[in-house]
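Chain by chain, the residues:
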Amino acid sequence: FEQFSPTMAAARLSTFASKVTTTLAPVRSKVVESYSKMMADNAQYVVTDAAVEDKLLKQWFFTKMSKIGPTMKAADAEAQLWRKSWDNRNSATVGEVSRMALFGAEVVAWFAVGEYVGRGFKPAPL
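Residues numbered from 1 in each chain as written. Predicted model: local features only at pLDDT ≥ 70, side-chain atom pairs only at ≥ 80, totals over all residues. Heavy atoms only, no water.

**Q** Explanation requested: the packing of aromatic side chains in the structure shown.
**A** Any two aromatic rings considered together are summarised by their centre-to-centre distance and by the angle between their planes. Tallying each qualifying case throughout the model produces two aromatic pairs. Centroid distance Phe-61 to Phe-62: 5.0 Å. Interplanar angle 85 degrees. Geometry classified as edge-to-face. Taking the relative accessible area as the measure of exposure, Phe-61 reaches 40% and is therefore partly exposed. Taking the centre distance of 5.7 Å and the plane angle of 80 degrees together, the rings of Tyr-116 and Phe-121 count as edge-to-face. Looking at Tyr-116, the relative accessible area reads 37%, which means it is partly exposed. By relative accessible area, which is 54% here, Phe-121 ends up exposed. (Phe/Tyr/Trp six-rings, centres within 6.5 Å; stacked < 30°, edge-to-face > 60°. Buried < 20%, exposed > 50% of the residue type's maximum accessible area, 1.4 Å probe, protein only.)

Right under this line is the structure:
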């Protein structure tokens, strides 16, 4: 092994930095070009007024907050439909039961596929 020298480490770091800079120069120019084009194409959406810019975050936040109430009402209505469907489960037709069974099988299949993919496409150990 070589003896550690701060001068030699600085020289190697400088060489590495120059190689990285020359390697990434074409990528950097493409990224800058793409960014410039995107900003030019969407210039109409850029807010330049500071007062309006200060209000934007609050407007976004409270707009999203205002959607919680209707979403909860819709979820409650959906839950009521499910409860009603569950209460009438004994009078379900064969078609409805088969559709429910098919849906359940699909959920199990997606779970199994997710497990398989999560293991890197390797079968489960026995």
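**Q** How should I be thinking about the packing of helix H2 (residues 50-66) against helix H3 (residues 68-87) in this particular structure?
**A** In a packed pair of helices, the relevant descriptors are the angle between the two axes and the axis-to-axis distance. Two elements in contact, H2 and H3, have axes separated by 4 Å at closest approach and are oriented at 20 degrees. Taken as axis vectors, H2 and H3 run roughly parallel relative to one another. Mapping the contact onto sequence places Lys-64, Met-65 and Ser-66 in H2 and Ile-68, Gly-69 and Pro-70 in H3. (Axes fitted to C-alpha atoms, helices over the stretch in contact; angles between N-to-C directions. Helix = DSSP H or I, 4+ residues; strand = E, 2+ residues; numbered from the N terminus. Parallel < 35°, antiparallel > 145°, perpendicular 65-115°, else oblique. Contact = heavy atoms within 4.5 Å.)

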